[in-house]
Each structure stands twice: as C-alpha cells, then as structure tokens.
2 protein chains.
Amino acid sequence: MNETGFIAALRALPLHPGARGLADDAAVVSLGTETIILTHDVLVEGRHFLTTQDMADVAWKLVATNLSDLAAKGAEPIGVLLGHMLGGDDARFVDGLGEVLEHYGVPLLGGDTVAGEAPRSFGLTAVGRATHTPVPSRAGAQIGDALFVTGTLGAAMLGLEALRAGDGGDPLPYTRPLARLLEGESLAPLAHAMMDVSDGLLLDAFRMAEASGVSMAIDSAAVPVADATRAMACLTWGDDYELLFTLPAGTCPPVAATQIGTVEPRGFAPLFLDGEAIANSQGLGYVHG
Amino acid sequence: MNETGFIAALRALPLHPGARGLADDAAVVSLGTETIILTHDVLVEGRHFLTTQDMADVAWKLVATNLSDLAAKGAEPIGVLLGHMLGGDDARFVDGLGEVLEHYGVPLLGGDTVAGEAPRSFGLTAVGRATHTPVPSRAGAQIGDALFVTGTLGAAMLGLEALRAGDGGDPLPYTRPLARLLEGESLAPLAHAMMDVSDGLLLDAFRMAEASGVSMAIDSAAVPVADATRAMACLTWGDDYELLFTLPAGTCPPVAATQIGTVEPRGFAPLFLDGEAIANSQGLGYVHG
C-alpha cells in the first residue's frame, strides 16, 4: 500500500476529533481546561538522513522537526518520548539529543529502546500545551488575508549540498534546523491559518489552500530565498521548517516575516504562482515516504 | 552501546520529573487539574513478532501493549499516535488496528507513515488521563503489603508455541494480548504499587522490589500458571500483560486476582522464591532489546 492509500484506510478507523490531518498535522486534544498538542515523526536512515551523518545531528533534527509541528500550533512543549534503535554511534545520538533538549528547554519524558539493524529508524513524539485557543490550523485561511513566511527558503537545500560536498559550506540549516516556537506562540492569537513548511513552500501553500478552500496567490519575487539563481529550487525544497501563515489584511506580524502573497477566492487552481495556475501538487515539493 | 548503557546516558539529559522510569514506566505529567500518562513502545520484525505473523495481530499487540502501560497507571486512554513503516501487508495492519481501537474504544490521534524495508519496525504512543492521583508506580510497595497478580501466567508462552506449531492450539493469548484497563482503574486508588507483567513475573517482581526498596517473597505454588508441568517457564516468560500489584494486608482486591506473596523488609536479595533468595535478575525473564 502506498502512503496515500494507507492514510485513506486509516481515516475509516475510529478517529479522535482532534486528529484532523492524520499524518499532516499535529493532533489537538481538549483536556479539562487545557488543550494538548501531540505529534509523532519517524526518521529512517538513508531516506531522511544520510548514513554517513553525525548521529548527534540526526537526534537534533528528530526533535526539532517535531517541535516545529508544535510551533505551528502555537504550543509550548511539555516533553518528548523517544523510540530509539540501538547502534554503534549511540553516544553521539545522546550528545545531540542533550544539545537540542537544552536548547529548547524541553525534557525527555520516556520512550522505548530496541535492538535493530540498518536501515535504522527513530521515532519521536512531542507533547505540548496550547498557549491560545482555538489552536491555529492549516484550514483557517480567509479570503483577503495576507500570506506570510518566516525566514529564508532554500537554506536547508544549500546546507545539504555543503554537507555532501564537504567544501567548507555551512551544513547547519540542513543538519540542525530550528523550530520557530516563539514565533508560533506570538502568532497563534493572530493567524487565521498556520503550518510549518516541512515539504517545500509551494507544496505546503498548496495544501493550506486546499484545506482552507481558497486559492493562494504567491509572488515568487517576494519570497526570501537562499540562492536567487535557483529560486524555484528554493521554493520547492523541503526541510526549512519555517512558518507559513495568514493574517487579516492590514495586520502586521509581531515576528520577523515576509509577505509573499494573498488569499483569494477559490479559483480553478489552489495555487497561483506569479499569476500562473498550479492545479496539481505533483512535483511541487517533497512528498514523504 | 547496549540498552543499559544507553538508558544510563539518557538519565544524564534534561529529564521531566514525571519520566521516572524512562524505558520502564509510563511518564506522568501534571497539566492544570489533569494528569496525563504517556507511553511509547516499538515492535521490530523478527524480534518482537514473527516475520510470518498476520499483521493484523501485530497491530493489535502494538496497541494492547501500550494500553497495558496505561492500565498499570490506572489511566483512561485518550488516543494513540502511530509510527508506521509501509509494506505489502498494510491492509491487514489497518484491519487489526481498527479491531483493537474498536475493542477498547480508543481513537487514533495521528502519527507518521514512512517507507521502509525489512526488518520493519512500528512505534506507538498511547496517551491517557489518570483516573486517580497519586498515580500508582512500581516504587510504592510497603512492608506488610500483600502481592497480587491478575490472570494466568504463561498463557502467552503457550500461545506462541501454538502459533509456531500450527497444531490447532490457541495462539490468541500471544497474538492478541489484552490490556487490563478496567482492572487498573479499579485498583489505582487502592494499590500501593502497580506495574504490568510484560517481561515475566519474576523479573517484574524483582524490579518492583528494587524500585520500592523492599523484598518480595513469592510462593510459586500460589501463582496461577497455564501449564503446571512447566511452572518455572510460566513464571519467567513475558508477554502476558497481567497486572502485578500490592495492597495493604487485609484489603481484598476489587478485581479478580490471586495473592502470590508478601512484601518484606529488604533482605539481602530483592526476591525470595519459596524462601530461596534471588539476588540477580539475570535469567529471570525477557530483557528487551
């Protein structure tokens, strides 16, 4: 079964009302006066990280990508649970795990440790509490909103190229991505829609448009890119973990961000790039597998 | 690094105060007026299940073993998150997942889906809310308590033998273990200490004694076993997911359970089986890996 078929089959099961997006979106669960946010990501050797990579960086990325899902919900992290497959480089993994947990002030809650063999896989569950309700989702974009993104797109792409070339370029944007937790918390009370850009700006904007029943009109020249000579690659490459969000027209973002487009009534395509309709998400970005 | 070394290294990291046991015990997190319980287990093909097994049973076991960790905390399940590695038999996996979620009335909250290859691994996080605080732990056994266990030990062992032999014996106790959720909820206000018996009765009783700073005196003849001709095998085999708990002397358990021993002052060994001291946990049960 491919991922699409599998997720379609899962949707027929008893689902929690907070499990809106299944694999796409963090889960939102009301509990007494609190709302908790839960997300789980798996990294597989050779697929989500290079076999030659420093395991400290793999541990960092595993935590940061999950915290990024919490950031998109405006959540404050409570802790993480680790599903770890033992190997020869576990000491480096623990080093990186300690570094990322210290960096974000997030504690380890528990998990499971198993023996395994290559290709190894690592799972992480992050739990947070919502700082604002209703919790922002990708489905809330409204016609007339302005579309913003934090940071610079394509930085992770250049980071991976530097890592592969080993030519002294800076691999950090790929190996040690940052989760926009503070930005997410500031934006949660204001944003109509919000998500993190894990799979490429265009693909994720396409998904936000689909979920919201609107069209996104993006001005490619407005998007901050890490390499202007390869702007399209920067717009379709994943792993940047920036926040994509919409605000009512005239509202200034309380964090550093760039307006890259507007939310329009649903046209015959969910996405318009420099006026050109993009009706199909094929080839727009990285599809997980 | 082996599991013991890895867990020792993890203990040096920023830990949540509720992460008492790391890999051993579910995490306990206070949140407003609620207390949430979190647990994460990983099953690896060829290690935790047979490559030839029906994937519907693997999905069942993945959920049931995590719910068993919630049961030991007297928790009511809120939902589960799945880390799934795609393969050829995903439709059966979804069938079994649906069956176990329906059986326990537990919804799917979300998760992640990745491509992978054999040996595949599957992770599951279960989240619940405590029905009683303080939440029972393995560390609360008190001198003079009576030691109880639910159900019959060794049933999973016979189930695996039936599965391997294919001779018409009943594999269900191995393939579709049950989580003692209702029992755990009834016991939580009464039990001084509680845990589930995932790795074998003697090993888990040894661990409870160590965590509580006491000795457990077990009368082997009192333990209900599935095969009286192999009583010792039944006491050291894992996968039964019964509840092991202590109650103050004279308190009757509100659920079906058998008294199998007493809690004594810490002697020179944590465990005494029919009066014989067992000072070392080596060989007592199944050590995860």
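Residues numbered from 1 in each chain as written. Chains lettered and ligands numbered in written order. Predicted model: local features only at pLDDT ≥ 70, side-chain atom pairs only at ≥ 80, totals over all residues. Heavy atoms only, no water.

Draft legend 1. Just the overall build of chain A, in detail. What chain A contains, in helices and strands, is 8 helices and 12 strands. A compact globule built from 289 residues should have a C-alpha radius of gyration of about 19 Å, and chain A, at 19 Å, falls within 12% of that. Along the longest, intermediate and shortest principal axes, the C-alpha atoms of chain A span 55 × 50 × 40 Å. Counting the 289 residues in chain A, one finds 58% classified as buried. Taking the intrachain contacts of chain A between residues at least 6 apart in sequence as the baseline, contacts between residues at least 24 apart amount to 83%. Roughly 10,300 Å² of accessible area belongs to chain A as shown, and the carbon and sulfur atoms make up 52% of that amount. Taking the average location of the 15 positive side-chain charges in chain A and that of its 35 negative ones, the two points are 3 Å from each other. (Helix = DSSP H or I, 4+ residues; strand = E, 2+ residues; numbered from the N terminus. Rg over C-alpha atoms; globule rule 2.2 N^0.38 Å. Buried < 20%, exposed > 50% of the residue type's maximum accessible area, 1.4 Å probe, protein only. Contact = heavy atoms within 4.5 Å. Areas by Shrake-Rupley, 256 points an atom, 1.4 Å probe, with all protein chains shown as cover. Lys, Arg positive; Asp, Glu negative; His and termini not counted. Charge placed at Lys NZ, Arg CZ, Asp CG, Glu CD.)

Draft legend 2. Representation of the sheet that holds strand E1 (residues 27-31) of chain A. Across the sheet, 5 strands lie side by side as E1-E2-E5-E3-E4 (chain A); this open sheet has mixed pairing. Edge positions in the sheet fall to E1 and strand E4 (108-114) of chain A, since each of these pairs with one other strand and no more. Strand-to-strand twist of the sheet, defined as the mean angle between neighbouring strand axes without regard to direction, takes the value 20°. Here 6 bridges tie strand E3 (residues 75-85) of chain A to E4 of chain A, and the two strands are oriented parallel to one another. Residue pairing in the sheet places Met85 of chain A in a bridge with Val114 of chain A of E4 of chain A. Lying on the sheet, helix H1 (residues 3-10) of chain B is in contact with E3 and E4 of chain A; it crosses E4 of chain A at an angle near 165°. (Pairing = 2+ DSSP bridges. Axes fitted to C-alpha atoms, helices over the stretch in contact; angles between N-to-C directions.)

Draft legend 3. Spotlight on helix H3 (residues 90-104) of chain B. Compared with the 21 Å implied by 1.5 Å per residue over 15 residues, the 21 Å span of H3 of chain B between its first and last C-alpha is a close match. Within H3 of chain B the residues assigned to the buried category are Asp90, Phe93, Val94, Gly96, Leu97, Gly98, Val100, Leu101 and Tyr104 of chain B. Its buried side turned inward, H3 of chain B meets helix H1 (3-10) of chain A together with helix H2 (55-71), strand E3 (75-85), strand E4 (108-114), strand E5 (121-130) and helix H6 (181-187) of chain B. Downstream of H3 of chain B by one or two residues, Gly105 of chain B has phi in the positive range, about 60°. (Expected span 1.5 Å × (residues − 1).)

Draft legend 4. Main features of the relation of the copies chain A and chain B. Expressed as a screw transformation, the operator carrying chain A onto chain B has a rotation angle of 180° and an axial translation of 0.0 Å, and the superposed copies differ by an RMSD of 0.0 Å. Interpreted geometrically, this transformation is the action of a two-fold axis. Of all interface residues in chain A, 100% are interface residues in chain B too; the two copies therefore contact each other through one and the same surface. (Least-squares fit on C-alpha atoms with pLDDT ≥ 70 in both.)

Draft legend 5. Examining the pairing of E5 of chain B more closely. Residues and elements named next belong to chain B. Along E5, 9 of the 10 residues are buried, which leaves the element largely enclosed by surrounding structure. Sheet topology note: the strand E2 (residues 34-44)/E5 ladder contains 9 bridges and is antiparallel. Each residue of the ladder has a partner; that of Asp41, found in E5, is Leu124.

Draft legend 6. Representation of the UniProt feature "binding site: Mg(2+) 2" (unreviewed entry) in chain A in the model. Per the UniProt record, "binding site: Mg(2+) 2" (unreviewed entry) is found at Asp41 and Asp69 of chain A. Taken together, the annotated residues stretch across 29 residues yet fold into one region, lying no more than 9.6 Å apart by C-alpha. Topologically, Asp41 of chain A is positioned in strand E2 (residues 34-44). Each residue touching Asp41 of chain A, except ones within four places of it in the same chain, is listed here: Leu62, Thr65, Asn66, Asp69, Phe122, Gly123 and Leu124 of chain A together with Asp112 of chain B. You can see Asp69 of chain A is positioned in helix H2 (residues 55-71). Not counting residues within four places of it along the chain, the set of residues in contact with Asp69 of chain A comprises Ala26, Thr39, Asp41 and Asp196 of chain A. At 3.0 Å, the side chain of Asp69 of chain A forms a polar contact with the side chain of Thr39 of chain A. (UniProt positions renumbered as here; feature names shortened; annotations may be inferred. Polar contact = N/O pair within 3.5 Å; in protein donor to acceptor, adjacent residues only side chain to side chain.)

Draft legend 7. How the structure looks around the packing of H2 of chain A against helix H3 (residues 90-104) of chain A. Residues and elements named next belong to chain A. One way to put it is that H2 packs onto H3 with a least axis distance of 6 Å and a crossing angle of 35°. Pair H2 / H3 crosses with right-handed handedness. Facing Met55, Ala56, Ala59, Trp60, Leu62, Val63, Ala64 and Leu67 of H2, the residues of H3 in contact are Arg92, Phe93, Gly96, Leu97, Glu99, Val100, Leu101, His103 and Tyr104. (Left-handed = near helix turned anticlockwise from the far one by under 90°.)

Draft legend 8. View of the interface of chain A and chain B. Listed by partner, the interface residues are 61 residues for chain A and 61 residues for chain B. Summed over both sides, the interface between chain A and chain B buries roughly 5,200 Å², with carbon and sulfur atoms accounting for 75% of that surface. The largest contributions to the chain A side of the interface with chain B come from Phe6, His40 and Leu109 of chain A, which together make up 12% of the buried area. Across the contact surface, chain A and chain B share 0 salt bridges. (Buried area = accessible area lost by both parts, 1.4 Å probe. Salt bridge = Lys/Arg side-chain N within 4 Å of Asp/Glu carboxyl O.)

Draft legend 9. Main features of the environment of Gly140 of chain A. With respect to the element layout, Gly140 of chain A can be found in the loop between strand E5 (121-130) and strand E6 (146-149). With 53 residues separating them along the chain, Gly140 of chain A and Ala193 of chain A place their C-alpha atoms 4.4 Å apart.

Draft legend 10. View of the sheet that holds strand E10 (residues 258-264) of chain B. Residues and elements named next belong to chain B. Taken in spatial order, the 7 strands of this open sheet run E7-E9-E6-E10-E8-E11-E12, and their pairing is mixed. Since the sheet does not close on itself, it has two edges, and those belong to strand E7 (193-197) and strand E12 (276-278), each with one partner. Sheet twist, expressed as the average angle between the axes of neighbouring strands with direction ignored, equals 25°. As judged from the 3 bridges shared by strand E8 (residues 215-218) and strand E11 (residues 271-273), these two strands associate in the parallel manner. In the strand pairing of E11, Met216 is matched with Leu271. The strands touched by helix H7 (residues 201-212) are strand E6 (146-149), E7, E8, strand E9 (242-247), E10, E11 and E12; relative to E7, the strand with the most contacts, the crossing angle is about 155°.

Draft legend 11. Structural context of the UniProt feature "binding site: substrate" (unreviewed entry) in chain A. Residues and elements named next belong to chain A. With numbering matched to this structure, UniProt assigns "binding site: substrate" (unreviewed entry) to His48, Asp239 and Tyr286. Structurally, His48 is set in the loop between E2 and H2. Taking relative accessible area as the criterion, His48 reaches 10% and is therefore assigned buried. Mapped onto the elements of the fold, Asp239 is located in the loop between helix H8 (231-236) and strand E9 (242-247). At 3.3 Å, the side chain of Asp239 forms a polar contact with the side chain of Lys61.

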